[in-house]
Amino acid sequence: MWHIMKNSYHFFFRSILLKNNTVRFLLIIFISNIGRSQIQDSILFNKNDARVFKNKLIIDQTEIYNTKTDYDRFMEKNEMPNTDCTAHFESYYNPLSLVGNFYSYEYKENAESACGTPGGTVSVKSISLKTGNEITILKLFEEKDVVDAFKNDSWVLKKVKEYQIDIESIQSLKDITGFLQNPYVGIKFTKSGFCILDFKKGKATIRFVATEYMRFNHNQHLQLGMILPVKVEALSFFKDKENFFLGKYKNWLQK
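What you see is a predicted model, and the numbers here were worked out from it, not measured in a lab.

**Student:** Go over the pairing of strand 7 (residues 119-128) with me, naming the residues and quoting the values.
**Tutor:** Taken across its 10 residues, strand 7 has seven buried, putting it largely inside the fold. Hairpin remark: strand 6 (residues 102-112) followed by strand 7, antiparallel, with six residues in the connecting loop; positive phi at C115, about 60°.

Here you go:
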């Protein structure tokens, strides 16, 4: 469609373009902006009433996320007109996995308030594409299996020793999300911070992802790899032909 539209503009304005370089320049900008807008709004996939675009997610006419909305909100709060201070903001949403209606995505932002300090953060979140609501990892996996896998992770065992934590105090998902949550460590696990890497013989390979504070207002992903048996009642979700796993779309995680 874009190819046809571009050719139509070229044909209609051809005689003007040959006579007027200014019009030619303006038209090139106009067409370029149309192309850029189409790239930004390009749809990645549909799922029932959900439409996932490169920079936004709409479920049944309700906006779940949108980079333009993020930008407008930030600038409204952080711009300082009539000063030499400038604000900067950019955000990204990257699809990670889709199992049934359970959609996991990555959020990344870089921001600097006017006359402020630049910073950046990343996170992973899983939601239902039916409702847009956040979902917990326990929708797909038993809590005991998640807890056991967490307690046997090499990074967790290292931190348990380093901070002299009683590993038997970790008995629930709530305990996991509270693990090392203090201002001196800067690790934050969430109940929805996961995505699917693979599925074989009733077991899913997942990435359980925390946000880790680095320094100077910047954060990075902290990834734990787990292989978990899928709940019996959730196995049917993994048979959906529209499913995809980590790696189909560009993102900042490591497989």
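**Student:** Lay out the nonpolar core with the relevant residues and their values.
**Tutor:** By size, the foremost hydrophobic cluster in this structure holds 34 residues, and its most contacted members are F141, F150, F189 and F208. Contributing elements (two or more residues each) for this core: helix 4 (143-151), helix 5 (154-162), helix 6 (173-177), strand 9 (194-200), strand 10 (203-215) and strand 11 (218-229). Y65, F89, Y103 and A111 belong to the second largest nonpolar core, which has 19 residues in total.

**Student:** Break down the state of the cysteines for me, citing the residues and quoting the values.
**Tutor:** Evaluated as defined, the whole model comprises one disulfide. The disulfide that involves C85 links it to C115, with 1.4 Å between the sulfurs. Of the two residues, C85 sits in the loop between helix 3 (67-78) and strand 5 (88-99) while C115 sits in the loop between strand 6 and strand 7, which places them 30 residues apart along the sequence. Classification of C115 by relative accessible area gives exposed; the value is 57%.

**Student:** Go over the confidence of the model for the chain, please, and point to the residues and values.
**Tutor:** Any region with low pLDDT has predicted coordinates that should not be read closely. For the chain, per-residue confidence averages 86 on the pLDDT scale, and residues scoring 70 or more make up 84% of the total. Between residues 1-39, whose pLDDT stays under 50, and residues either more than four places distant or in other chains, the model counts 17 contacts.

**Student:** I'd like a description of the sheet that holds strand 4 (residues 62-66), backed by residues and values.
**Tutor:** In spatial order, the strands read 1-2-3-4; together these four strands make up an open sheet with antiparallel pairing. Two strands bound the open sheet, and with one partner strand each, they are strand 1 (43-47) and strand 4. For this sheet the average axis-to-axis angle between neighbouring strands, irrespective of direction, equals 15°. Alignment of strand 2 (residues 50-53) against strand 3 (residues 56-59), held across three bridges, turns out to be antiparallel. The residue bridging A50 from the neighbouring strand is I59, located in strand 3.

**Student:** Tell me about the packing of aromatic side chains, and name the residues and values.
**Tutor:** Overall, the coordinates contain 17 aromatic pairs when judged by the stated rule. Relative to Y103, the ring of F45 has its centre 5.8 Å away and its plane inclined at 75°; by these criteria the two rings are edge-to-face. One end of the pair, F45, is in strand 1; the other, Y103, is in strand 6, and 58 residues separate them in sequence. Under the relative-accessibility criterion, Y103 is labelled buried at 0%.

**Student:** Describe helix 3, with residues and values.
**Tutor:** Taking 1.5 Å as the rise per residue, helix 3 with 12 residues should run 16 Å; its terminal C-alpha atoms sit 16 Å apart, in good agreement. Every buried residue belonging to helix 3 is among T67, T69, D70, F74 and M75, and all of these are buried. Buried residues along helix 3 sit against strand 4, strand 5 and strand 6. For helix 3, the N-terminal capping position is held by N66, with its side-chain oxygen 2.9 Å away from the main-chain nitrogen of K68.

**Student:** Please give an account of unusual backbone geometry that cites residues and values.
**Tutor:** Backbone geometry follows two general trends: most residues other than glycine have a negative phi, and most peptide bonds adopt the trans configuration. One non-glycine residue, C115, lies in the positive phi region at around 60°. Residue Q164 is not a glycine yet carries a positive backbone phi of 50°. For Q164, the location among the structural elements is in the loop between helix 5 and helix 6.

**Student:** Run through helix 5, naming residues and quoting values.
**Tutor:** Every buried residue belonging to helix 5 is among W155, V156, K159 and V160, and all of these are buried. Looking down the long axis of helix 5, one finds its buried residues gathered within 135° of arc, a one-sided arrangement. Residues of helix 5 that are exposed and point over 90 degrees away from its buried face: S154, K158 and K161. Summarising the contacts, the buried residues of helix 5 are in contact with helix 4, strand 8 (187-188) and strand 11. Structurally, the start of helix 5 carries an N-cap: the backbone nitrogen of W155 is 2.9 Å from a side-chain oxygen of D153. Once helix 5 ends, the next one or two residues include Q164, with phi positive near 50°.

**Student:** So what's going on with the side chain of K231? Which residues, and what values?
**Tutor:** Within the secondary structure layout, K231 lies in the segment after strand 11. The buried charged residue K231 lacks any salt bridge, with E233 as its nearest oppositely charged partner at 4.3 Å. Within the structure, the side chain of K231 is placed 2.5 Å from the backbone oxygen of L138, a separation counted as a polar contact. Each residue touching K231, except ones within four places of it in the same chain, is listed here: L138, K139, L140, F141 and E142.

How each quantity is defined
- Residues numbered from 1 in each chain as written.
- Predicted model: local features only at pLDDT ≥ 70, side-chain atom pairs only at ≥ 80, totals over all residues.
- Heavy atoms only, no water.
- Buried < 20%, exposed > 50% of the residue type's maximum accessible area, 1.4 Å probe, protein only.
- Helix = DSSP H or I, 4+ residues; strand = E, 2+ residues; numbered from the N terminus.
- Pairing = 2+ DSSP bridges.
- Core = buried A, V, L, I, M, F, W, Y, C linked by side-chain atoms within 4.5 Å.
- Disulfide = S-S within 2.5 Å.
- pLDDT = per-residue confidence, 0-100.
- Contact = heavy atoms within 4.5 Å.
- Axes fitted to C-alpha atoms, helices over the stretch in contact; angles between N-to-C directions.
- Phe/Tyr/Trp six-rings, centres within 6.5 Å; stacked < 30°, edge-to-face > 60°.
- Expected span 1.5 Å × (residues − 1).
- Polar contact = N/O pair within 3.5 Å; in protein donor to acceptor, adjacent residues only side chain to side chain.
- Arc of directions from axis to C-beta.
- Lys, Arg positive; Asp, Glu negative; His and termini not counted.
- Salt bridge = Lys/Arg side-chain N within 4 Å of Asp/Glu carboxyl O.

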